[in-house]
Amino acid sequence: SQQGEEDPQALSIQEGENATMNCSYKTSINNLQWYRQNSGRGLVHLILIRSNEREKHSGRLRVTLDTSKKSSSLLITASRAADTASYFCATDAQGNKLVFGAGTILRVKS
Amino acid sequence: DAMVIQNPRYQVTQFGKPVTLSCSQTLNHNVMYWYQQKSSQAPKLLFHYYDKDFNNEADTPDNFQSRRPNTSFCFLDIRSPGLGDAAMYLCATSRPTAGRERETQYFGPGTRLLVL
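Computed from a predicted structure; not experimentally measured.

### Details of the overall build of chain B
In terms of helices and strands, chain B carries zero helices and eleven strands. Listing the helices and strands of chain B from first to last along the sequence gives β-β-β-β-β-β-β-β-β-β-β. The C-alpha atoms of chain B give 14 Å as radius of gyration, which agrees with the globular expectation for 116 residues (13 Å, within 12%). The principal-axis extent of the C-alpha atoms belonging to chain B is close to 45 × 30 × 30 Å. Buried residues in chain B amount to 49% of all 116 residues. Considering only contacts within chain B whose residues lie at least 6 apart along the sequence, 57% involve residues at least 24 apart. Approximately 5800 Å² of chain B is accessible, and the part contributed by carbon and sulfur atoms is 50%. For chain B, the centre of its 12 positive side-chain charges and the centre of its 10 negative side-chain charges are spaced 4 Å apart.

Dropping the structure here:
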């Protein structure tokens, strides 16, 4: 069964605006990761936040984690056309496995 | 640059005709994964190798097999492709002993399979 659920399913914004995507999950986790996928390509790791962390930054990315609500958000500030992609959250299942959410399709219009 | 390579990028096969997809890595990672991703869906793990140990997901059809002859290479064999197997197949690697990066997975560009 799918661990992560994301919303919105699709998001369309103007260049320069901020984009926020949300992810909810069902079971306890050790960490949560966000990946980006450009159309027809593989996934690229963006950022990892551990269960004992509440917020993490990387460049224009800001990730929050609320383990009490079993949710995370990814904020992309000052978006660019090159940020157009699908964004997936992933949680660690048993062993070395990740379970991916359904993803948010982000379109940044220039 | 160290990377995960998948060949071919596009593969066309016929219904029922066996097909093999390839993945190689220069990262020297000991875990390799195969995912299936259908249009607008999340990647779905099929199986993974931890070193030589094969770990199959419970819901992976028997039609899908994998081989890992050495650390660098991993193959996905589809014995009798059906129309429903048309998808993007993604290979990924990780190195669970690599400190703070141990949980990160590194993906190849994928092979898009078309079944006629």
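### Considering the packing of aromatic side chains
For the coordinates displayed, the defined rule picks out eleven aromatic pairs over all chains. A centroid spacing of 5.7 Å and a plane angle of 80° characterise the contact between Phe-100 of chain A and Tyr-35 of chain B, whose relative ring orientation is edge-to-face. Residue Phe-100 of chain A is found in strand 10 (residues 98–100), and its partner Tyr-35 of chain B is found in strand 4 (residues 31–37); the two belong to separate chains. Assessed through its relative accessible area of 0%, Tyr-35 of chain B is described here as buried. Taking the centre distance of 5.5 Å and the plane angle of 35° together, the rings of Tyr-35 of chain B and Phe-107 of chain B count as tilted. In this pair, Tyr-35 of chain B is assigned in strand 4 and Phe-107 of chain B in strand 10 (residues 106–107), connecting sequence segments 72 residues apart. Phe-107 of chain B matches Tyr-35 of chain B in its accessibility class, with the two residues each being buried. By way of ring pairs, the aromatic residues Tyr-35, Phe-88 and Phe-100 of chain A together with Tyr-33, Tyr-35 and Phe-107 of chain B are connected into one cluster.

### Notes on the state of the cysteines
Residue and element names in this part refer to chain A. Within this structure, the stated rule accounts for two disulfides over all chains. With a sulfur-sulfur separation of 2.0 Å, Cys-23 is cross-linked through a disulfide to Cys-89. Its S-S torsion of approximately 65° makes the covalent link between Cys-23 and Cys-89 right-handed. Here Cys-23, found in strand 3 (residues 19–24), pairs with Cys-89, found in strand 9 (residues 85–92); they are 66 residues apart in sequence, far enough to count as distant. On the accessibility criterion, Cys-89 (0% relative accessible area) is buried.

### What about the interface of chain B and chain A?
Each partner contributes residues to the interface: chain B has 24 residues there, and chain A has 20 residues. Summing both partners gives a buried area of about 1700 Å² for chain B against chain A, and 48% of it is carried by carbon and sulfur. Remark: the boundary between chain B and chain A carries two salt bridges. The tally of links from chain B across to chain A stands at seven residue pairs in polar contact (both at pLDDT 80 or more). Elements supplying a minimum of two residues to the side of chain B that touches chain A: strand 4, strand 5 (44–50) and strand 9 (87–94) of chain B. Of the residues in the side of chain B that touches chain A, the class split is eleven nonpolar, seven polar and six charged.

### Regarding a nonpolar patch on the surface
Residues and elements named next belong to chain B. On the surface, Val-12, Leu-114 and Leu-116 cluster together into a nonpolar patch covering about 290 Å² of accessible area. Following the sequence through the fold, Leu-114 ends up in strand 11 (residues 111–115). Since its relative accessible area comes to 43%, Leu-114 is described here as partly exposed.

### Concerning unusual backbone geometry
Residue Pro-8 of chain A is bonded to the preceding Asp-7 of chain A through a cis peptide linkage, with omega at -5°. Of note, Pro-8 of chain A is situated in the loop between strand 1 (5–7) and strand 2 (10–14). In the segment running from Asn-7 of chain B into Pro-8 of chain B, the intervening peptide bond is cis, with an omega of -15°. With respect to the helices, strands and loops of the structure, Pro-8 of chain B is situated in the loop between strand 1 (4–7) and strand 2 (10–13). Although it is not a glycine, Lys-70 of chain A adopts a positive phi angle of roughly 50°.

### Quick notes on the confidence of the model for chain A
Taken as a whole, chain A shows an average pLDDT of 92; of its residues, 94% reach a score of 70 or greater. Mean pLDDT in chain A bottoms out at strand 1 of chain A, which sits at 83, and peaks at strand 7 (residues 61–66) of chain A, which reaches 98.

Cut-offs applied
In this convention, every chain numbers its residues from 1, walking through the sequence in written order. Written order determines the labels here, with chains lettered from A and ligands numbered from 1. Selection of residues for local features in this predicted model requires a pLDDT of at least 70, selection of side-chain atom pairs for listing and counting requires 80 or more, and totals for whole chains, interfaces and linings are taken over all residues. Side-chain figures throughout are based on the complete set of non-hydrogen atoms in the structure, without hydrogens or water. Helix and strand definitions follow DSSP, with helices as H or I runs of at least four residues and strands as E runs of at least two, each counted in order from the N terminus. The size measure is the radius of gyration over C-alpha atoms, and the globule rule it meets is 2.2 Å times the number of residues to the 0.38 power. Note on classification: 1.4 Å probe, protein chains only; a residue is buried when its accessible area is under 20% of the maximum for its type, exposed when over 50%, partly exposed between these limits. The contact definition used throughout considers only heavy atoms, calling two residues in contact when any of these lie within 4.5 Å. Each accessible area is a Shrake-Rupley result for a 1.4 Å probe, and residues are judged covered by the shown protein chains and nothing else. Positive: Lys, Arg. Negative: Asp, Glu. His and the chain ends are not part of the count. Lys charges are placed at NZ, Arg charges at CZ, Asp charges at CG and Glu charges at CD. Two aromatic rings from Phe, Tyr or Trp, using only the six-membered ring of Trp, form a pair when their centres are within 6.5 Å; if the ring planes differ by under 30 degrees the pair is stacked, by over 60 it is edge-to-face, and anything between is tilted. Our working definition of a disulfide is a cysteine sulfur pair at a distance within 2.5 Å. Accessible area that two parts lose when put together, evaluated with a 1.4 Å probe and summed over both, is termed the buried area. A pair is scored as a salt bridge if a Lys or Arg side-chain nitrogen falls within 4 Å of a carboxyl oxygen belonging to Asp or Glu. Here a polar contact is recorded for every N or O atom pair within 3.5 Å, except that within protein the pair must consist of a potential hydrogen donor and a potential acceptor, and residues adjacent in sequence are included only if both atoms are side-chain atoms. Ten residue types, Ala, Val, Leu, Ile, Met, Phe, Trp, Tyr, Cys and Pro, are classed as nonpolar, four, Asp, Glu, Lys and Arg, as charged, and the remainder, Gly among them, as polar. Any residue with relative accessible area above 30% and no salt bridge may belong to a patch, with like charges joined within 9 Å and the nonpolar Val, Leu, Ile, Met, Phe, Trp and Tyr side chains within 5 Å. What pLDDT expresses is the predictor's confidence in each residue, scored from 0 to 100.

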